[in-house]
Amino acid sequence: MFYYVLKYVFLGPLLKLLFRPRVEGLEHVPEEGAAIVAGNHLSFSDHFLMPVVLSRRITFLAKQEYFTGPGLRGRLTAAFFRSAGQIPVDRSGREAGRAAIREGLGVLAKGELLGIYPEGTRSHDGRLYKGKVGVAVMALTAGVKVVPCAMVGTFEIQPPGRVVPRIRRVTIRFGEPLDFSRYAGMAGEKAVVRAVTDEIMYRILELSGQEYVDEYAAKVKAAENPPGPEKFPESGR
């Protein structure tokens, strides 16, 4: 209920007024039945701008940090995401990844739209990074189509570190649904899920026009921002 109040009464009309999203290919999003919408992830604003232009409800797998932030802002953010029906995902390890897949499959089993960012994190520099294979595992296991989506201009309105977005027009493009039924029953094959993921990322790349980096975004971020040297206690010598 709160999802629709936000979308049609409070947040949705405001976002449409401020950012005037230009929408292309909306007809590619199925009007009913389970499907995955897989998009690039350039900005915190993506979580709000894509749902606003869809007629159907979409549930995102949102990183757990949105639900555990400190202070008043953290509590408000957590309350918002929970009220909007978004699912927290722990990204800390392999078992956490399996749990995220189970959550996503639960959404699809109910015949709903599932939103996912295959890169696993926001792009820190506006480029498109290698996709993680969870999207392929879910698509093949559930036997659903994947609609590629490109957010264009959201990095410019709210790059990392910017709290208040700039007011500029953005574009949201949806591509033709990708059908992977030819790989039915092969969700456990590493080569297959990698190939499916790469195909999804290629379609997102075609829609977005971004520069592509064949590495995981989290790995590149970590390499560019290494932790500081550990501090050891004085030995007393």
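Residues numbered from 1 in each chain as written. Predicted model: local features only at pLDDT ≥ 70, side-chain atom pairs only at ≥ 80, totals over all residues. Heavy atoms only, no water.

K.L.:
Explain a nonpolar patch on the surface to me, using residue names and the numbers behind them.
P.N.:
Among the surface-exposed residues, Tyr4, Tyr8, Val9 and Phe10 lie close enough to one another that they form a single nonpolar patch of about 440 Å² accessible area. As for its position among the elements, Phe10 is in helix H1 (residues 2-19). (Patch = residues over 30% accessible without salt bridge, like charges linked within 9 Å, V, L, I, M, F, W, Y side chains within 5 Å. Areas by Shrake-Rupley, 256 points an atom, 1.4 Å probe, with all protein chains shown as cover. Salt bridge = Lys/Arg side-chain N within 4 Å of Asp/Glu carboxyl O. Helix = DSSP H or I, 4+ residues; strand = E, 2+ residues; numbered from the N terminus.)

K.L.:
With reference to specific residues and values, describe the nonpolar core.
P.N.:
Ranked by internal contacts, the top residues of the largest apolar core, which has 29 residues, are Ile36, Met138 and Ile200. At the level of secondary structure, the elements contributing two or more residues to this core comprise strand E2 (35-39), strand E4 (87-89), helix H4 (94-109), strand E5 (113-116), helix H5 (134-142) and helix H7 (190-208). With seven residues, H7 is the largest single contributor of residues to this core. In this structure Met138 touches Ile36, Leu61, Ala100, Ile101, Gly104, Leu105, Leu108, Leu114, Ile116 and Gly143, once residues within four positions along its chain are discounted. Grouped together as the second largest cluster of nonpolar side chains are 27 residues, Ala35, Val147, Cys149 and Met151 included. (Core = buried A, V, L, I, M, F, W, Y, C linked by side-chain atoms within 4.5 Å. Buried < 20%, exposed > 50% of the residue type's maximum accessible area, 1.4 Å probe, protein only. Contact = heavy atoms within 4.5 Å.)

K.L.:
Can you explain the packing of aromatic side chains? Please cite residues and give values.
P.N.:
Counted according to the given criterion, the structure contains two aromatic pairs. Each ring, one from Phe44 and one from Phe48, has its centre 5.3 Å from the other, and the planes form 70°; the classification is edge-to-face. On the basis of relative accessibility, which here comes to 17%, the residue Phe48 falls in the buried class. Geometrically, the ring pair formed by Phe60 and Tyr117 is stacked, given 5.3 Å between the ring centres and 20° between the ring planes. Note that Phe60 is positioned in strand E3 (residues 58-63) and Tyr117 in the loop between E5 and strand E6 (128-129), a separation of 57 residues in sequence. Judged on exposure class, the residue Phe60 and its partner Tyr117 are both buried. (Phe/Tyr/Trp six-rings, centres within 6.5 Å; stacked < 30°, edge-to-face > 60°.)

K.L.:
Would you mind going over the sheet that holds E3 in detail, with residue names and values included?
P.N.:
Judged by pairing direction, the sheet is mixed, and its seven strands sit side by side in the order E1-E8-E7-E2-E5-E3-E4 without closing on themselves. A strand with exactly one partner marks an edge of an open sheet, and here the two such strands are strand E1 (22-24) and E4. Each strand of the sheet is rotated relative to its neighbour by a mean of 25°, with strand direction disregarded. Pairing of E3 with E5 involves three bridges; the strand directions are parallel. What sits directly across from Thr59, in E5, is Leu114. Contacts from H7 reach E2, strand E7 (146-152) and strand E8 (171-174), with the element oriented near 35° to E7. (Pairing = 2+ DSSP bridges. Axes fitted to C-alpha atoms, helices over the stretch in contact; angles between N-to-C directions.)

K.L.:
Account for the pairing of E5, with residues named and values stated.
P.N.:
Burial along E5 is two-sided: the residues Leu113 and Gly115 and Leu114 and Ile116 are all buried. In this structure, E2 lies alongside E5, joined through four bridges in parallel fashion. The partner of Ile36 across the bridge, within E5, is Leu114.

K.L.:
Give me the confidence of the model for the protein chain: which residues, what numbers.
P.N.:
Per-residue pLDDT for the protein chain averages 88, and the proportion of residues at 70 or more is 89%. Scored below 50 in pLDDT, residues 230-237 makes zero contacts in the model with residues more than four places away or belonging to other chains. (pLDDT = per-residue confidence, 0-100.)

K.L.:
Any chance you could break down the packing of H5 against H7 for me, citing the residues and the numbers?
P.N.:
The contact between H5 and H7 brings their axes to 8 Å, and the two run at 105°. Overall, the two elements H5 and H7 adopt an arrangement that is roughly perpendicular. Seen from H5, the contacting residues are Val135, Ala136, Val137 and Leu140; seen from H7, they are Val192, Val193, Val196, Thr197 and Ile200. (Parallel < 35°, antiparallel > 145°, perpendicular 65-115°, else oblique.)

K.L.:
Which residues make up the pattern of salt bridges, and what values do they have?
P.N.:
Tallying each qualifying case throughout the model produces six salt bridges. Where Arg173 meets Glu24, a salt bridge forms, and the shortest distance between an N and an O atom there is 2.8 Å. Separated by 149 residues along the polypeptide, Arg173 in strand E8 and Glu24 in strand E1 bring together distant segments of the chain. The exposure class of Arg173 is partly exposed, given its relative accessible area of 25%. A relative accessible area of 31% places Glu24 in the partly exposed class.

K.L.:
Explain the side chain of Asp46 to me, using residue names and the numbers behind them.
P.N.:
Following the sequence through the fold, Asp46 ends up in helix H2 (residues 46-53). Of the side chains with opposite charge, Arg122 lies nearest to the buried Asp46, which makes no salt bridge, at 7.3 Å. Once residues within four sequence positions are removed from consideration, Asp46 is found in contact with Asn40, His41, Pro51, Tyr117, Met151 and Thr154. (Lys, Arg positive; Asp, Glu negative; His and termini not counted.)

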